[in-house]
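# Structural characterization, general
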Amino acid sequence: MHAVTFQAPGEVAVEEVADPALQAPDDALVRVDASGICGSDLHIYHGRVPVERGFTIGHEFVGTVLAVGDQVERVAVGDRVLGTFHTACATCTPCIRGDYHRCANGRTFGHGGNLGNLQGAQAEQLLVPRANLTLRRVPEGMSSDVALFAGDVMGTGYHAVTHAGLRAGDTVSVLGLGPVGLCAVQAARAAGAAHVFAIDTVADRLAMAERFGATPLHLTDDDPKRTVRSATGGGVDVTVDAVGDAGPLALAVSLTRDAGTVSGIGAYAGKGEVPLGLAWLKGLTLRLGLANVIAHVDRVLALMEAGILDPAPLVTHHMRLADAAEAYRVYDAREALKIVLTP
Ligand SMILES: [Zn+2]
Ligand SMILES: [Zn+2]
């Protein structure tokens, strides 16, 4: 079969690789009908997240079940399914607590030997371990473009908002309007946020946030700190940082009201200065970390099926798997919000 493999920083290839085969009784084999390119794939593309040369990448997928092991009960051959971006064992201590994102035996699709040695979804076929927990049937009538978001990007936006304890009537600011930030805008509105301020520097992304019901604010042209504070009488109840850097986290601290909550969902890879004294003085609650998408996927699917969450406008490009090298170039140049690859 064909698959998109990492070659070297700035280089992916579409290669002929071995077909996957069932290995464990709770494995499923899936024919991939659509896969997404994600911001975290760019970390691999640039070599910031090390992946072996020739490893298949990608972790967002919708497909059709081709085969299942004896212990797979929740999906069957022929089912149209979507997956979460990682697997979890359901039996370790974090899993028993419901913290699937901290599973001691978790494996992430398409992230190389360091994250579970699980080949990725930008391929014609995919081996899915722990299929009872990893896969869900796609609701009747839901497009692949929409379903693709349930197991990663929309689950992450939803997590950012619920993890912050957002209540109906709250005011919210969202920093960084990539797909996760834009999904957080939608999730905040769906959770009853009275007012969402959406902050970025890219005009198209600000326009998309406005379409989703937010007030767009340009990071440098609009003085978001002053605008948000004066509109809310001192700061928002909840700020979502969907960038994942010290600068945005510092801005989040100043945008949030006394005793409010900052929810950091971006991947904080670098180091930097955050005004801890100010955060302490204001009595802020900080909530950080990777999203628990397995815990959220059914609710996210239900909200998308009801049309309350709708990531479809985020899909700006459809490209062929064979054209993955060009797709990565386009995505890296920030010419696309979400690229969906089809075989
Ligand atoms: Zn992703
Ligand atoms: Zn576990």
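Right, let's walk through the structure included here. Worth saying up front: this structure is predicted, and the values here are computed from it rather than measured.

### Examining the coordination of the zinc ion (ligand 1)
Taken together, the protein ligands of the zinc ion (ligand 1) are C38 (SG), H59 (NE2), E60 (OE) and D152 (OD), with distances of 1.7 to 2.5 Å. The site at the zinc ion (ligand 1) holds four donor atoms, and with the angles between them running 84 to 144 degrees, its shape is irregular.

### Quick look at the sheet that holds strand β11 (residues 195-200)
Across the sheet, six strands lie side by side as β12-β11-β10-β13-β14-β15; this open sheet has parallel pairing. Each edge of the open sheet carries a strand with a single partner, namely β12 (215-218) and β15 (285-288). Geometrically, the sheet is characterised by an average inter-axis angle of 20 degrees between neighbouring strands, direction not taken into account. As defined by bridge partners, strand β13 (residues 236-241) adjoins strand β14 (residues 256-264) across five bridges and the pair is classed as parallel. Looking at β14, one finds that D241 is bridged to G264.

### Notes on the coordination of the zinc ion (ligand 2)
Each angle at a metal carrying four tetrahedral donors should ideally be 109.5 degrees, and each at a metal carrying six octahedral donors should ideally be 90 or 180 degrees. The coordination sphere of the zinc ion (ligand 2) contains the protein donors C89 (SG), C92 (SG), C95 (SG) and C103 (SG), at a distance range of 2.3 to 2.4 Å. Relative to the metal, the four donor atoms surrounding the zinc ion (ligand 2) lie at angles of 104 to 120 degrees, and the coordination shape comes out tetrahedral. Written as a sequence motif, the donor arrangement for the zinc ion (ligand 2) is C-x2-C-x2-C-x7-C. Of this pair, C89 sits in the loop between β6 (86-87) and α2 (93-96) while C103 sits in the loop between α2 and β7 (107-108), and the two are 14 residues apart along the sequence. In this pair, the class of C89 matches that of C103, namely buried.

### Considerations on the packing of aromatic side chains
Inspection of every chain in the model, using the stated rule, returns two aromatic pairs. Above the plane of the ring of F149 lies K338, whose end atom (NZ or CZ) is 5.8 Å from the centre.

### Quick look at the pairing of strand β2 (residues 11-16)
As paired strands, strand β1 (residues 2-8) and β2 are joined by six bridges and run antiparallel to one another. Note on β2: the bridge partner recorded for A3 is E15. The antiparallel hairpin formed by β1 and β2 contains two residues in its connecting segment, where G10 sits at a positive phi of about 80 degrees.

### Focus on the side chain of H159
Within the secondary structure, H159 is located in helix α5 (residues 153-163). Residue H159 is classed as buried on the basis of its relative accessible area, which comes to 5%. Setting aside its immediate chain neighbours within four residues, H159 contacts A164, I265, L290, A291, N292 and H296.

### Things to note about helix α9 (residues 246-255)
Counting buried residues in α9 gives eight out of 10 residues, a clear majority hidden from the surface. By the burial criterion, the buried members of α9 are A246, P248, L249, L251, A252, V253, S254 and L255. Against β10 (171-175), β11, α8 (224-232), β13, β14 and α10 (276-282) lie the buried residues of α9.

### Some remarks on the packing of α5 against helix α6 (residues 179-190)
Where α5 meets α6, the closest approach of the two axes is 7 Å, and the angle between their N-to-C directions is 55 degrees. Taken together, the axis directions place α5 and α6 in an arrangement best described as oblique. α6 is crossed by α5, and the crossing has right-handed handedness. On α6, the residues that touch V153, M154, T156, G157, Y158 and V161 of α5 are P179, V180, C183, A184, Q186, A187 and A188.

### A word on the side chain of D26
Within the secondary structure, D26 is located in the loop between β2 and β3 (28-37). Those residues in contact with D26 that lie beyond four places of it in its chain are Q71, V72, V128, P129, R130 and A131.

### Section: the pairing of strand β16 (residues 315-320)
The pairing of β16 with strand β17 (residues 338-342) spans five bridges and is classified as parallel. Bridge pairing links H318 to V340 in β17. At this point the chain moves from β16, through helix α12 (residues 324-332), to the parallel β17, and the crossover so formed is right-handed.

### Re the packing of α5 against helix α11 (residues 293-305)
Two elements in contact, α5 and α11, have axes separated by 9 Å at closest approach and are oriented at 100 degrees. On the basis of the axis angle, α5 is roughly perpendicular to α11. Side by side, α5 and α11 meet where M154, G155, T156, Y158, H159 and T162 of the first sit next to V293, H296, R299, V300, L303 and M304 of the second.

Cut-offs applied
Residues numbered from 1 in each chain as written. Chains lettered and ligands numbered in written order. Predicted model: local features only at pLDDT ≥ 70, side-chain atom pairs only at ≥ 80, totals over all residues. Heavy atoms only, no water. Donors = N, O, S within 2.8 Å, 3.2 Å for Na, K, Ca; no water. Tetrahedral: all angles 85-135°; square planar, octahedral: opposite > 155°, others 65-115°. Pairing = 2+ DSSP bridges. Helix = DSSP H or I, 4+ residues; strand = E, 2+ residues; numbered from the N terminus. Axes fitted to C-alpha atoms, helices over the stretch in contact; angles between N-to-C directions. Buried < 20%, exposed > 50% of the residue type's maximum accessible area, 1.4 Å probe, protein only. Phe/Tyr/Trp six-rings, centres within 6.5 Å; stacked < 30°, edge-to-face > 60°. Lys NZ or Arg CZ within 6 Å of the ring centre and 35° of its normal. Contact = heavy atoms within 4.5 Å. Parallel < 35°, antiparallel > 145°, perpendicular 65-115°, else oblique. Left-handed = near helix turned anticlockwise from the far one by under 90°. Right-handed = clockwise from strand over helix to strand, strands pointing away.

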